[in-house]
Amino acid sequence: MERFPLKSSVSKMGTTYQSVYKKGTNGGRHGDEDTVDITTGPREVPTTPTSHGTFQLYDHGRPSNASANSYIAQYFSTSTGDAVIFTGMQGDTDEIPGIGQYDDFHTIDWQRDIARDRMRHRYIVKKRQDSIWNLIKGAHDAWSGWVCVLLVGVCTGVVAGVIDIGASWMTDLKFGICPQAFWFNREQCCWSNDEITFDHGNCSQWMTWAQLFGESKEGVGAYIISYLFYIVWALLFAALSASLVRMFAPYACGSGIPEIKTILSGFIIRGYLGKWTLIIKVVGLILSVSSGLSLGKEGPMVHIASCLGNILSYLFPKYGRNEAKKREILSAAAAAGVSVAFGAPIGGVLFSLEEVSYYFPLKTLWRSFFCALIAAFILRSINPFGNEHSVLFFVEYNKPWIFFELIPFVGLGIIGGCIATIFIKANIYWCRYRKYSKLGQYPVTEVLVVTLVTAIIAYPNPYTRMNTSQLIYLLFNQCGISNSDPLCDYNRNFTDVNKAIEKAAAGPGVYQAIWLLMLALVLKLVMTVFTFGIKVPCGLFIPSLALGAIAGRIVGIGVEQLAYKYPKIWLFSGECSTGDDCITPGLYAMVGAAAVLGGVTRMTVSLVVIMFELTGGVRYIVPLMAAAMASKWVGDALGRQGIYDAHIALNGYPFLDSKDEFQHTSLAADVMQPKRNETLSVITQDSMTVDDVETLLKETEHNGYPVVVSKESQYLVGFVLRRDLNLAIANARRTVEGITGQSVVVFAGSPQQGVMSPPQLMLSRILDMAPITVTDQTPMETVVDMFRKLGLRQTLVTHNG
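Residues numbered from 1 in each chain as written. Predicted model: local features only at pLDDT ≥ 70, side-chain atom pairs only at ≥ 80, totals over all residues. Heavy atoms only, no water.

**Remarks on the overall build of the chain**
Okay, so step 1: Looking only at helices and strands, one finds 26 helices and 15 strands in the chain.
Okay, so step 2: Per-residue burial over the chain gives 53% buried out of 801 residues.
Okay, so step 3: Summarising the internal contacts of the chain: among those between residues at least 6 apart in sequence, 71% fall at separations of at least 24.
Okay, so step 4: As displayed, the chain has an accessible area near 36,400 Å², and 60% of this comes from carbon and sulfur atoms. (Helix = DSSP H or I, 4+ residues; strand = E, 2+ residues; numbered from the N terminus. Buried < 20%, exposed > 50% of the residue type's maximum accessible area, 1.4 Å probe, protein only. Contact = heavy atoms within 4.5 Å. Areas by Shrake-Rupley, 256 points an atom, 1.4 Å probe, with all protein chains shown as cover.)

Dropping the structure here:
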């Protein structure tokens with residue numbers, strides 16, 4: 001690879017100038033074919049084009065002892081494929097092991113990684129014409145991104161199928177077992193017996209725990225036995241989940257989305273996306289969902305998919321060795337995670353773009369779309385839900401919504417925003433208390449206590465006892481001829497299945513169901529506050545949808561009864577004057593679910609798309625949009641942060657949100673470290689020994705150091721990272737003979753001629769000679785924009801150079 005490290009030499013007058021090195025350029029002096037010197041005094045400037053291009057020199061004023069004048073060498077290429085590579089950005093820095101990598105809990109340097117990838121790509125393109133083998137390598141490099149996201153999509157779909165099937169079986173295990181085939185869940189057990197209907201446990205093949213002990217299905221004894229088995233299984237599943245997380249993969253707890261957002265913004269958390277985290281997250285998620293805790297598996301699916309993306313990226317060095325490029329794969333994996341969680345591939349891509357990704361170029365959009373599509377297709381092939389729909393809560397509404405219903409829909413958005421704000425504030429308060437109190441030292445005990453309390457208070461209420469996904473599906477559903485739930489206890493006479501459902505007064509079952517749902521709303525809200533953040537894999541999407549669906553169904557029943565009793569008032573504008581039912585309570589449940597989820601996560605566009613993909617209700621986009629916007633406005637008014645941003649702040653992760661607005665009136669000089677009157681830790685380009693550098697590294701904790709001309713003349717030469725400096729010195733001591741503490745470290749310039757004892761240590765390869773710099777008078781708005789849009793790790797502040 002051709003490179004031009006800019007090196008400096010000292011002239012007679014003590015002024016520093018720079019040389020440009022180029023392989024194969026015959027413009028050098030003193031027999032050095034690779035050097036063009038830039039020094040003072042009259043000089044013959046090479047202006048004739050060589051085989052590689054033309055050099056031109058620009059003189060900016062006469063040199064003096066007082067200041068170092070700039071001489072700029074510019075290279076104008078006349079041939080294809082030539083590239084200038086600044087030292088520290090080379091793609092071939094494998095001579096020193098570990099160079100170009102990052103320490104744990106450090107941020108990546110986006111500019112350096114993207115530049116390294118560009119250089120690697122140019123090198124491959126240039127070499128492609130040399131041989132067939134290089135042509136094949138170039139083709140492999142071009143399509144490796146698509147192959148990688150294909151593998152991520154396939155693996156994510158398979159893992160999601162395993163989780164869905166496992167969670168479904170283990171959830172039903174709390175209620176009973178299929179004696180003929182214990183590996184069947186309740187639904188599959190009934191299918192095997194060719195029974196057409198399966199409702200409320202009427203299947204003869206499925207046996208409850210009370211029946212296995214010789215009791216009847218109903219009665220006090222049966223209730224007590226079922227209650228006890230429900231609690232014991234819940235405690236067993238939760239204890240297993242928490243113990244696995246604690247022993248093998250502490251990073252597998254929680255939803256993982258706050259950490260994924262931070263990782264995608266450029267933060268390094270080693271092991272967070274590793275194989276152990278993946279295995280324990282999958283097993284622990286099945287266990288914790290089955291335990292009946294108020295949590296969901298949708299958020300952790302994003303973490304699981306990102307783990308798969310991280311592991312599979314190492315099969316392709318282009319992504320495995322470059323942290324910035326790896327984040328393109330992780331963005332596609334996050335989209336696949338949401339795609340399989342909800343059966344919503346387009347919503348998954350928008351979720352990745354809107355909610356988690358920090359760097360999202362156009363090619364990543366296409367790859368994310370492809371990855372989400374493959375994952376959804378694989379999951380659909382496995383068919384874990386056992387129906388013809390790949391979505392979670394498919395509904396079939398055929399009634400158009402009435403214009404006046406926008407009022408209750410917006411009202412649901414406001415209610416959703418309020419519920420979400422209460423939840424976020426309470427959860428963050430409790431998580432902060434857990435973090436800074438003795439409670440945090442007993443994670444397994446806390447999980448068991450929360451599980452025990454949840455199981456005890458959930459079982460008596462049929463709406464909290466059932467699986468949360470089943471509850472949401474029930475609340476979304478229309479009341480039809482076959483639905484025997486108390487929610488559908490209307491005074492109707494079904495005589496014709498094909499006839500439209502008529503308006504009717506709510507029966508006593510509906511009012512009883514409303515009270516139970518109100519109780520369920522309070523219990524689920526309280527339990528979710530204490531559950532989100534405990535040391536088991538736990539997501540927030542399903543509990544949020546459940547809270548909103550409960551509130552929405554209650555409001556929907558209220559509006560429905562209003563239309564039944566007063567069908568001719570101006571609000572309904574004649575739409576409800578016929579005998580048919582004009583209000584769909586299930587639609588209100590759907591809108592309420594979107595409102596609460598939007599308030600909790602602050603999603604807007606992706607939320608609406610996920611909701612209509614989730615339910616198949618495309619004609620209800622406007623109500624969903626109205627509720628989502630109202631919920632976001634109320635949530636932003638009552639508290640600025642969504643739940644994920646709040647947890648990022650609570651954990652102290654370095655995350656610069658691209659959506660935040662900063663109103664700074666300060667300058668770069670006001671916030672730089674160290675301040676003007678404090679000592680600046682610098683390294684000189686060619687006058688410090690190895691001992692001097694190691695002393696500086698011990699006495700300071702900076703992530704990197706500016707390299708300057710000298711202590712007296714602190715003109716900036718470049719920037720060197722602390723990690724690279726440590727690795728390079730350790731490598732030199734190991735591989736270069738004669739290197740001692742008295743060896744002079746040279747970052748720029750040629751080795752000094754003469755008797756060299758001990759030998760000099762040349763570290764030009766680790767010096768970044770093109771660091772991003774600002775002047776001390778740069779406004780902070782500009783600096784913040786540079787950090788956000790360029791993904792900077794640090795920027796150097798200069799004054800007159």
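Read on, since the account is not over.
**Looking at the packing of helix α18 (residues 541–565) against helix α19 (residues 585–601)**
When two helices pack together, their arrangement is given by the angle between their axes and by how far apart the axes lie.
Okay, so step 1: Two numbers describe how α18 lies on α19: the axes approach to 6 Å, and their chain directions differ by 140°. Considered as vectors, α18 and α19 are oriented oblique to each other. By crossing handedness, the relation of α18 to α19 is classed as right-handed.
Okay, so step 2: Residue classes in the contact of α18 with α19 are distributed as 14 nonpolar, six polar and two charged. (Axes fitted to C-alpha atoms, helices over the stretch in contact; angles between N-to-C directions. Parallel < 35°, antiparallel > 145°, perpendicular 65-115°, else oblique. Left-handed = near helix turned anticlockwise from the far one by under 90°. Nonpolar A, V, L, I, M, F, W, Y, C, P; charged D, E, K, R; others polar.)

**Examining unusual backbone geometry**
Okay, so step 1: The step from Gln 673 to Pro 674 runs through a cis peptide bond, and the omega angle for that step is -5°.
Okay, so step 2: Tracing the sequence through the fold places Pro 674 in the loop between α23 (668–671) and β8 (683–684).
Okay, so step 3: In the Ramachandran plot, Phe 105 falls in the positive-phi region, its phi being about 60° despite a non-glycine side chain.
Okay, so step 4: For Arg 602, which is not glycine, the phi dihedral falls at a positive 65°.
Okay, so step 5: Assignment of secondary structure puts Arg 602 in the loop between α19 and α20 (605–615).

**Concerning the sheet that holds strand β10 (residues 704–708)**
Okay, so step 1: Read across the sheet, three strands follow the order β8-β10-β11 without closing on themselves; strand pairing throughout is mixed. Two strands bound the open sheet, and with one partner strand each, they are β8 and β11 (716–721).
Okay, so step 2: Two strands pair when backbone bridges link them, and β8 and β10 are joined in this way by two bridges, in the parallel orientation. Paired with Thr 684 across the two strands is Val 708, which belongs to β10. (Pairing = 2+ DSSP bridges.)

**Comments concerning the pattern of salt bridges**
Okay, so step 1: Under the criterion given, the structure shown has 21 salt bridges.
Okay, so step 2: When the shortest N-O distance is used, the salt bridge between Asp 117 and Arg 120 registers 2.8 Å. Here Asp 117 pairs with Arg 120, and both are found in helix α1 (residues 110–127), just three residues apart, close to one helical turn.
Okay, so step 3: Residue classification places Asp 117 among the buried residues on the basis of a relative accessible area of 11%.
Okay, so step 4: Residue class for Arg 120 comes out partly exposed when judged on its relative accessible area of 21%. (Salt bridge = Lys/Arg side-chain N within 4 Å of Asp/Glu carboxyl O.)

**Quick word on the sheet that holds strand β9 (residues 688–689)**
Okay, so step 1: The mixed open sheet is built from three strands, whose spatial order is β9-β12-β13. This sheet does not close on itself; its edge strands, each paired only once, are β9 and β13 (761–762).
Okay, so step 2: Across two bridges, strand β12 (residues 744–746) lies against β13 in parallel orientation. Note on β13: the bridge partner recorded for Val 745 is Leu 761.

**Overview of the state of the cysteines**
Okay, so step 1: Applying the stated criterion across every chain, the model contains one disulfide.
Okay, so step 2: The disulfide partner of Cys 178 is Cys 189, and the S-S distance across this bridge is 2.1 Å. When the S-S torsion is 75°, as for the bridge of Cys 178 with Cys 189, the disulfide is right-handed. Of this pair, Cys 178 sits in the loop between β6 (176–177) and α3 (186–192) while Cys 189 sits in helix α3, and the two are 11 residues apart along the sequence. (Disulfide = S-S within 2.5 Å.)

**Side note on the pairing of β11**
Okay, so step 1: The element β11 is largely enclosed, with a buried count of five among its six residues.
Okay, so step 2: As defined by bridge partners, β10 adjoins β11 across five bridges and the pair is classed as antiparallel. Each bridged residue has a counterpart across the sheet, and for Val 708 the counterpart in β11 is Leu 716.

**Here we look at the nonpolar core**
Okay, so step 1: By size, the foremost hydrophobic cluster in this structure holds 149 residues, and its most contacted members are Phe 476, Leu 545 and Met 611.
Okay, so step 2: For this core, the element with the highest residue contribution is α18, accounting for 12 residues.
Okay, so step 3: Contacts of Leu 545, omitting those with residues within four sequence positions, involve Phe 342, Phe 393, Ile 472, Ala 593, Leu 597, Met 611 and Leu 614.
Okay, so step 4: Counting residues in hydrophobic clusters, the runner-up holds 26 residues, among them Ile 96, Leu 696, Leu 697 and Phe 747. (Core = buried A, V, L, I, M, F, W, Y, C linked by side-chain atoms within 4.5 Å.)

**Quick look at the packing of aromatic side chains**
Okay, so step 1: Tallied over the full model, the rule gives 23 aromatic pairs.
Okay, so step 2: Through a chain of ring-to-ring contacts, the aromatic side chains of Phe 175, Tyr 223, Tyr 227, Tyr 230 and Tyr 459 assemble into a single cluster.
Okay, so step 3: For the cation-ring pair, Arg 465 lies above Tyr 459, with the distance from its terminal atom to the ring centre recorded as 4.2 Å. (Phe/Tyr/Trp six-rings, centres within 6.5 Å; stacked < 30°, edge-to-face > 60°. Lys NZ or Arg CZ within 6 Å of the ring centre and 35° of its normal.)

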